[in-house]
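Chain and residue survey
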Amino acid sequence: MLMTWSLAMAEAPIRIGATMSESGHLSTQGQAAANGYRLCEQHVNADGGLLGREIRFEILDDQSDGDAAIALYEKLIVDHQVDAIMGPYGSTLTEAVAPVTEKHQMVHISPLAATTSIWEQGREYLFMVLPPAELFLAGLIDLADQRGLERVAILTEDVLFPRAAGSGAESLARESGMEVIFHEAYATGSEDFSAWLERLDEHDIDVLAMAASSLDDFISVVEQMKAADIRIEMFGTSGAVSQFAESLGNAADFSYGLSAWEPELDNPGIERFVDDYQARFDMAPSFHAAGAYGACQLFAKAVERTGSLESDDLRQALLELETTTVFGPYAVDERGYQVANQGLTIQWQHGEKAIVWPSEKAQAQSWYPTPSWSLRTSELPPEQQVFWTRLERLCGQAFAGRVSDVTPYYASVAEAERLIMHVMDCSEDRLHIPLHVDDNRSRNWILTQVDGSLRLKHDHRYPDGHEEAISQYGGDAPVPGLPTRQIFPADEHTAEILPERSDNFWFIDFIDENTLQYGVHWPRKGHSIRLEFDLGSPVQTPPRPWGYED
């Protein structure tokens, strides 16, 4: 048996031709995809090859140029007479070479093309792996809609894939009842985005959705927004790769991006792929690498099913195949068009990608809203920046509350007929929030930024404005906390003036977009109270608290 296998593996290898953008403006993605092909070759051969033969990729550099790719695929098929081909990077090059592969009736699994129109031209041998381009910004739009955001701007590079992604984003936004204020295209190679970015402020845009093939454009837009101090609630892109955070540092945080794949998923074989990719190429794989690897896996599965390299046999197998590769789920309709993969939306958090959409695959809570650039240069961790921004956005408004949970110790508050919190005064590092309990205007929450964290103090006043004897108790929140919840354990000053309550802690909690909770817990005695305020229905602002009338 060993001799038979050895003789079979000594046969000529199965030669698979492909081009990839290993230079030019698409090289960031193309190099990763080429590496995905190379690692798949290594693994397939280590596992015994296909049809008892090794596989060998012949990858030529198309220099990110469609005309070059066309010529190279003709060369691979006609001159080199490869046994099979795999696709290049991206929609633009796939659209360019698809007529070549169709003419020669060669099965063409496209690892990283997503534009629907490519599959609407009656092609028989072309197969899609990525989610459709029109869904690349779906997560951003859906998350924005969940937040109640309404005003959207769309900026797209004027080439095939970004145009499709931008059109999809516009359709999804309008279907959700959002207003698309502008949808503009820019020429490939553009460096100055200031004219479009200025319009974000002018038109009070909530969401900027950006689609591009050149990932450097995403970096440039963030750099220019930061330089112009333009803050937007949500910014999202049609692609997320490590170079984005490597180039921008902490300025990358809070941005959203499409990732069709992440290494934390539980797809079969993913651990081996990630470990071996890191070991061989000394970098973590991007979704471009995983897409190419997964496309190669689909080719291998089709060959194994049919026992053949004949295009018509492989075509039928790929039309019928339903599977999950390292990259993700695969199933196609009669066009070869992907119907099983919707992709992932990530948010950059602490310079890392965190999956935040769809909800069933989310591994982190999204940081929302995006803080101002000035706050993002503070010493606060991002989670506290988000929390601060949430409170700051309420400035000038008042909200009615109720007691949602209480022990008898706090009966006097529980009996109140009217509770009002008023986000009264806001400065760069201080928020003053009076709490009105019926006609009692003595209570104030004072939040400040101190020593890289948030501090909550309770300022109590007599009607004449003088401070009560028991006042300024509270503490500093441990970092980082959560974007929606900060806890403030009692500090040394609290322990000095209220020794029996040295184990107290207070919390402020955004339950959802329209509900804030404030509470205190006294573990030693088992006393607690929780107040809940309706942020969705502001009320008339009350009089200023005692001691702060001026």
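Residues numbered from 1 in each chain as written. Predicted model: local features only at pLDDT ≥ 70, side-chain atom pairs only at ≥ 80, totals over all residues. Heavy atoms only, no water.

**Points about the overall build of the protein**
Along the backbone of the protein there are 16 helices and 25 strands. Considering only C-alpha atoms, the protein reaches an extent of 95 × 55 × 35 Å along its principal axes. Counting only residues that meet the buried cut, the protein has 56% of its 550 residues in that class. Pairs at least 24 residues apart make up 60% of the contacts formed inside the protein by residues separated by at least 6 positions. Of the accessible surface of the protein, which amounts to about 22,400 Å², a share of 46% is contributed by carbon and sulfur atoms. (Helix = DSSP H or I, 4+ residues; strand = E, 2+ residues; numbered from the N terminus. Buried < 20%, exposed > 50% of the residue type's maximum accessible area, 1.4 Å probe, protein only. Contact = heavy atoms within 4.5 Å. Areas by Shrake-Rupley, 256 points an atom, 1.4 Å probe, with all protein chains shown as cover.)

**Some words on the packing of aromatic side chains**
Using the criterion set out here, one finds 17 aromatic pairs in the structure. Centre to centre, the rings of Phe387 and Phe510 are 5.7 Å apart; their planes meet at 75 degrees, and the pair counts as edge-to-face. You can see Phe387 sitting in helix 14 (residues 382-392) and its partner Phe510 sitting in strand 23 (residues 505-512), a full 123 residues away along the chain. In this pair, the class of Phe387 matches that of Phe510, namely buried. Aromatic pair Tyr409 and Trp522: ring centres 5.4 Å apart, planes at 80 degrees, arrangement edge-to-face. Within this pair, whereas Tyr409 is found in the loop between strand 15 (398-406) and helix 15 (411-414), its partner Trp522 is found in strand 24 (residues 515-522), the two being separated by 113 residues in sequence. Residue class for Trp522 comes out buried when judged on its relative accessible area of 5%. An aromatic cluster of three or more residues is present, and its members are Trp261, Phe273, Tyr277, Phe281 and Tyr293. Positioned above the aromatic ring of Tyr337 is the side chain of Arg335, whose terminal nitrogen or guanidinium carbon lies 4.2 Å from the ring centre. (Phe/Tyr/Trp six-rings, centres within 6.5 Å; stacked < 30°, edge-to-face > 60°. Lys NZ or Arg CZ within 6 Å of the ring centre and 35° of its normal.)

**A word on empty space enclosed by the protein**
Per the stated rule, a full pass over the model turns up four cavities of 30 Å³ or more. Here the largest cavity is characterised by a volume of approximately 120 Å³. Lining the largest cavity are 15 residues, with Met225, Phe235, Thr370, Trp373 and Arg376 sitting closest to its centre. Sorting the residues of the lining of the largest cavity by element identifies helix 8 (216-227), strand 9 (234-237) and helix 13 (373-376) as the ones contributing at least two each. Classifying every residue of the lining of the largest cavity by side-chain character gives ten nonpolar, two polar and three charged. Empty space within the second largest cavity amounts to approximately 40 Å³. Forming the boundary of the second largest cavity are Asp83, Ala84, Ile85, Met106, Val107, Phe299, Leu309, Ser311 and Leu314. Split by residue class, the lining of the second largest cavity holds seven nonpolar, one polar and one charged. (1 Å grid on protein atoms, 1.4 Å probe; cavity = no way out; pocket = protein on both sides within 12 Å on 5 of 7 lines; lining within 4 Å. Points joined across faces, edges and corners; volume = space filled by probe spheres on them. Nonpolar A, V, L, I, M, F, W, Y, C, P; charged D, E, K, R; others polar.)

**Examining the nonpolar core**
Membership of the largest hydrophobic core comes to 135 residues, with the highest contact counts inside it found for Met86, Ile109, Leu200, Trp261, Phe273 and Phe299. Examining the composition of this core, we find that twelve residues originate from one element, helix 11 (residues 287-306), more than from any other. Among all residues touching Leu200, those that are not within four sequence positions of it are Ala153, Phe182, Ile205, Leu208, Met225, Ile230 and Ile232. Counting residues in each nonpolar core, the second largest holds 36 residues, with Leu375, Met421, Ala477 and Ala490 among its members. (Core = buried A, V, L, I, M, F, W, Y, C linked by side-chain atoms within 4.5 Å.)

**Focus: helix 14**
Of all the eleven residues making up helix 14, ten are buried; the element is thus mostly covered by neighbouring parts of the structure. By the burial criterion, the buried members of helix 14 are Pro382, Glu383, Gln384, Gln385, Val386, Phe387, Trp388, Thr389, Arg390 and Leu391.

**Focus on the state of the cysteines**
This model, assessed by the stated rule, comprises two disulfides. Put simply, Cys40 and Cys296 are joined by a disulfide, and their sulfur atoms are 2.1 Å apart. With the S-S bond torsion at -80 degrees, the cross-link from Cys40 to Cys296 turns out left-handed. Remark: Cys296 occurs in helix 11 and Cys40 occurs in helix 2 (residues 27-46); sequence separation between them is 256 residues. (Disulfide = S-S within 2.5 Å.)

**Describing unusual backbone geometry**
In this structure, the amide linkage connecting Tyr368 to the following residue, Pro369, adopts the cis form with an omega of 0 degrees. Here Pro369 is to be found in the loop between strand 14 (352-357) and helix 13. Cis rather than trans, the peptide bond between Val479 and Pro480 has omega equal to 0 degrees. One non-glycine residue, Asp204, adopts positive backbone phi at about 55 degrees. With respect to the helices and strands, the residue Asp204 is situated in the loop between helix 7 (194-202) and strand 8 (207-211).

**Some remarks on the sheet that holds strand 13 (residues 344-349)**
A sheet is described by the order of its strands in space; here seven strands give the open sequence 7-6-8-9-10-13-14, paired in mixed fashion. Since the sheet does not close on itself, it has two edges, and those belong to strand 7 (179-186) and strand 14, each with one partner. Averaged over all adjacent pairs, the angle separating strand axes in this sheet is 25 degrees, with direction ignored. Relative to strand 8, helix 8 is tilted by about 150 degrees, and along the sheet it contacts strand 6 (151-157), strand 7, strand 8 and strand 9. (Pairing = 2+ DSSP bridges. Axes fitted to C-alpha atoms, helices over the stretch in contact; angles between N-to-C directions.)

**Examining the pairing of strand 14**
With five bridges joining them, strand 13 and strand 14 adopt antiparallel strand pairing. Each residue of the ladder has a partner; that of Gln347, found in strand 14, is Ala354.

**Some details on helix 5 (residues 138-146)**
Of all the residues in helix 5, the buried ones are Ala138, Gly139, Leu140, Ile141, Leu143 and Ala144. In the segment just after helix 5, Gly148 is the residue with positive phi, at about 80 degrees.

**Describing the environment of Gly30**
Checked against the element boundaries, Gly30 lands in helix 2. Using a relative accessible area of 0% as the deciding quantity, one classes Gly30 as buried. Excluding anything up to four places from it in sequence, Gly30 contacts Met20, Ser21, Glu22 and Tyr89.

**Things to note about the sheet that holds strand 5 (residues 126-128)**
Taken in spatial order, the five strands line up as 2-1-3-4-5 in an open sheet, and their pairing is parallel. Whereas interior strands pair on both sides, the edge strands pair on one side only; in this sheet they are strand 2 (55-61) and strand 5. Between one strand and the next, the sheet's axes are offset by a mean angle of 25 degrees, whatever the strand orientation. Strand direction decides the pairing type here: strand 4 (residues 108-110) and strand 5, joined by three bridges, are parallel. Considered in strand 5, the bridge of Ser110 is made with Met128. Relative to strand 2, helix 2 is tilted by about 165 degrees, and along the sheet it contacts strand 1 (14-20), strand 2 and strand 3 (84-86).

**So, the packing of helix 2 against helix 10 (residues 270-281)**
Direction vectors running N to C along helix 2 and helix 10 enclose 110 degrees, while the axes themselves pass 11 Å from each other. One way to sum up the angle between helix 2 and helix 10 is to call them roughly perpendicular. Our pair here, helix 2 against helix 10, has a crossing hand that is right-handed. Judged by residue contacts, Ala32, Asn35, Gly36, Arg38, Leu39, Gln42, His43 and Ala46 of helix 2 engage Arg272, Phe273, Asp276, Tyr277, Arg280 and Phe281 from helix 10. Among the residues making up the contact of helix 2 with helix 10, the classes are represented as six nonpolar, four polar and four charged. (Parallel < 35°, antiparallel > 145°, perpendicular 65-115°, else oblique. Left-handed = near helix turned anticlockwise from the far one by under 90°.)

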